[in-house]
Amino acid sequence: MPMNGTRGYHPGLVDLASGQISREIFVNEDIYAQEQERVFARSWLFVGHESQIPNPGDFFASRMGEESVILCRDRAGKVHVFLNSCRHRGMKVCRYDDGNTTVFTCPYHGWSFGTDGALVGVPFFREAYHSELDKSKWSLVEVAQLCCYKGTVWANWDASAPPFLEHLGEFRRFLDLILDGWDGREGQAELLGGVQKWIIPCNWKFPAENFSGDTYHNISHRSVDLVGAGPSGRSRRDYSELNVARKLHVAIPDRGHQTITYVLPKDHQPQPAYQNSPEVAEYFRHCEEERRKRPGANSRMIGAPGEIFPNVALLPRQPRTLAVWHPINAHQTEVWRFFFVDRDAPRVVKNFLRDYYIRYSGPAGMTEQDDMENWNYAHSASRGVIARRYPYTYEMGMGHAVENYEFEGLRVPGRVVDLTKAQASEEPMRNLYRRWAQFMEADSWDDLMTWRHEAARAAE
Amino acid sequence: MSDAVNIRTLAPGTRVILANGAEAEIVSNPNDGVWLFGRYLSSVDDPGVVGVEEMIFAQDVVEVRP
């Protein structure tokens, strides 16, 4: 075996021709430092949800990669995302998780910023600065781009990145499955309760890979299935309608997003679900009927675990949640899990779902505990100098993905592997690491927007 | 040096004396313990600021009018 003589990232660590990926990309601290610059400083990152900041002056302290940021609504109602660092000496200007304020005041020397980021208060401005400091040059640092999409707030430090919806591409319909209402109405999601936050001892790519669509690890959740933690007292989710659906892996190759999804046959009728509560079961039966009456492909699609590049996991149904894998260092990740419900759902439904959500996910969730145990021990067992010499295999299902997949008239975008018989593939993971390697190697967003070049060539 | 004034306890409408002798009335208090929003009622140094609303730094507040 060759010795690891090269520090940091280099081409070949992600070898998709052979389906092998070096453990170095998970445990190497030089690679971690490089990916902060090359991935997180120029990617679209999830910051929060507008339902967290409904009123002028509301704020939520969030993160973008390693950076602390402030999501806030200014006095005029405009949404901003700022670096949470005073322009004078760098102290955090906001040390609360959330709240409402007129100003963000630095506790170090007292510089104060409005909710629009403007520097409004400088102690001894006349006396010490002789009124000579140009305050307009020292506002809080604001993200280069911001997008509010159906309530979710996304931000990017890189002005040259494509707009968020272009970055999302055809994956948008899978994000819609979590943001639209259970009955199919657009953008009904609101945050349920607070954000669950905890630290896990593994690289952020372990959970990102898992949520990309790892169906192969279902065996590790066997105990949860046996306990019957699901909302009908069986298994861990209500699966009955999935018995007639096509189970797919979907990967959007030029974007790095991927998911599991289920496509229902035409004219499929809602199946019993949420049977631990007759009232909740009736509510969802009604929603499912309404959803099927709406035009559009999403009435026949059921969302499942997926990943928006680089570090946002979605789970549109049972439980309905977004997770963000915030990198702390090569060996630690801070997980933030946001749970969603329809804003106009009855209180009894929200309470039922709160119980189910936290029984399933989060630091106390039974399923997430299984996952964390796998990621944490996989990481620690891959750090040693011997372990690092041996790559992981991602060969499963290579060459079996198709494009233009269609089931009973419903076309599915991207590269698709039909898992209905195959059960599992590693197409989503290859897609994730292909995009990750592109980010690590590309010097500009121009190199990363391959779809624009293809469109230009097609137009010629 | 006079005792430090805890500006977090000051409600809108309270009048304060500043280090330069000016007098101001509190318009609003962000309760950060560092700043007040106030309107100048008098200023010997700069009569032009009378009526102007400005942020007032905690260390500039030397006295609270009864």
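Residues numbered from 1 in each chain as written. Chains lettered and ligands numbered in written order. Predicted model: local features only at pLDDT ≥ 70, side-chain atom pairs only at ≥ 80, totals over all residues.

What am I meant to see in the overall build of chain B here?
From N to C terminus, chain B includes 0 helices and 5 strands. Sequence-ordered secondary structure for chain B, helices as α and strands as β, is β-β-β-β-β. Relative to the 2.2 N^0.38 estimate, which gives 11 Å for 66 residues, the radius of gyration of chain B is 11 Å and therefore close to what a compact globule would have. Across its three principal axes, chain B shows a C-alpha extent of roughly 30 × 25 × 20 Å. (Helix = DSSP H or I, 4+ residues; strand = E, 2+ residues; numbered from the N terminus. Rg over C-alpha atoms; globule rule 2.2 N^0.38 Å.)

What should I look at first to understand helix α7 (residues 278–293) of chain A in this one?
Structurally, the α-helix is built with 3.6 residues per turn, so residues lying three or four positions apart point the same way. Residue and element names in this part refer to chain A. Here α7 is 16 residues long and its end C-alpha atoms lie 23 Å apart, about the 22 Å a rise of 1.5 Å per residue gives. Of all the positions in α7, only V280, Y283, F284 and R291 are classed as buried. Buried residues in α7, looked at end-on, bunch into an arc of 90°, giving them a common side. Exposed residues on α7 whose side chains face more than 90 degrees from its buried face are P278, E279, E282, E289 and K293. Tucked inside the fold, the buried residues of α7 contact α8 (347–360). (Expected span 1.5 Å × (residues − 1). Buried ≥ 20, exposed ≤ 12 C-beta atoms within 10 Å, placed from the backbone. Arc of directions from axis to C-beta. Contact = placed C-beta atoms within 7 Å.)

Teacher, can you tell me more about the environment of H286 of chain A here?
Residues and elements named next belong to chain A. Its place among the elements puts H286 in helix α7. What makes H286 partly exposed here is the crowd of 13 C-beta atoms within 10 Å. Along the primary structure H286 and P270 are separated by 16 residues, whereas in three dimensions their C-alpha atoms are 8.9 Å apart.

Looking at this structure, I do not really get the domain arrangement of chain A. What am I missing?
How big an interface is tends to be expressed through the accessible area that disappears when the partners come together. Residue and element names in this part refer to chain A. Partitioning chain A into structural domains gives domain 1 (45–145) and domain 2 (182–456). One C-alpha centre belongs to domain 1, the other to domain 2, and the line joining them spans 34 Å. Listed as interface residues are 7 residues of domain 1 and, on the opposing side, 8 residues of domain 2. Of the residues contributing to the side of domain 1 that touches domain 2, the split by class is 1 nonpolar, 4 polar and 2 charged. (Domains from an automatic or database assignment. Nonpolar A, V, L, I, M, F, W, Y, C, P; charged D, E, K, R; others polar.)

Just checking my understanding: could you explain the nonpolar core for this structure?
In a soluble, globular protein the nonpolar side chains are often hidden away together inside. All names here are of chain A. Residues V47 and L71 are the most contacted members of the largest nonpolar core, which totals 129 residues. Of the residues that make up this core, three or more belong to each of domain 1 (45–145) and domain 2 (182–456). Excluding residues within four positions of it along the chain, L71 makes contact with V47, G48, I53, F59, F60, S62, V81 and V153. (Core = buried A, V, L, I, M, F, W, Y, C linked by C-beta atoms within 7 Å.)

Could you clarify how one ought to interpret the environment of L83 of chain A in this entry?
All names here are of chain A. As for its placement among the helices and strands, L83 is situated in strand β6 (residues 79–83). Separated by 214 residues in the primary sequence, L83 and A297 have C-alpha atoms spaced 39 Å apart. Ignoring anything within four residues of it in the chain, the contact list for L83 reads E67, V69, L140 and V141.

Please explain the sheet that holds strand β5 (residues 61–64) of chain B as it appears in this structure.
Neighbouring strands of a sheet are bound in pairs by backbone hydrogen bonds; such pairs are parallel or else antiparallel. Residue and element names in this part refer to chain B. Read from one edge of the open sheet, 5 strands run β4-β3-β2-β1-β5, paired in antiparallel fashion. One side of each edge strand has no neighbouring strand; the edge strands of this open sheet are β4 (53–57) and β5. Direction aside, the axes of adjacent strands within the sheet are offset by 50° on average. One ladder, built from 3 bridges, connects strand β1 (residues 15–18) with strand β2 (residues 23–28); its direction is antiparallel. Looking at the pairing, V16 lines up with A24 of β2. (Pairing = 2+ DSSP bridges. Axes fitted to C-alpha atoms, helices over the stretch in contact; angles between N-to-C directions.)

How should I be thinking about unusual backbone geometry in this particular structure?
Residues apart from glycine generally show negative phi values, whereas peptide bonds are mostly found in trans. Here the residue pair F309 of chain A and P310 of chain A is connected by a cis peptide bond, since its omega of 0° sits within 30 degrees of zero. Take P310 of chain A: it is sitting in the loop between β17 (301–308) and β18 (312–315). The omega angle of the peptide bond from Q318 of chain A to P319 of chain A is -10°, so this bond is cis rather than trans. A positive phi angle, close to 60°, is found at N31 of chain B, a residue other than glycine.

Just checking my understanding: could you explain the sheet that holds strand β10 (residues 119–121) of chain A for this structure?
Residue and element names in this part refer to chain A. Taking strand neighbours across the sheet as the criterion, the 3 strands line up as β8-β9-β10 in an open arrangement whose pairing is antiparallel. Both edges of this open sheet fall to β8 (103–105) and β10, since each of them pairs with a single strand only. Direction aside, neighbouring strands of the sheet carry axes that sit 40° apart on average.

Is there a simple way to explain the pairing of β6 of chain A in this structure?
Two faces, one strand: in a regular strand the side chains alternate between the faces of the sheet. All names here are of chain A. Summarising burial for β6: 4 of the 5 residues are buried, a large majority. Both strand β5 (residues 67–73) and β6 contribute to a ladder of 5 bridges, which runs antiparallel. Counterpart to L71 in the pairing with β6 is V81. Count of turn residues in the β5/β6 antiparallel hairpin: 5 residues, of which G77 carries a positive phi of about 95°.

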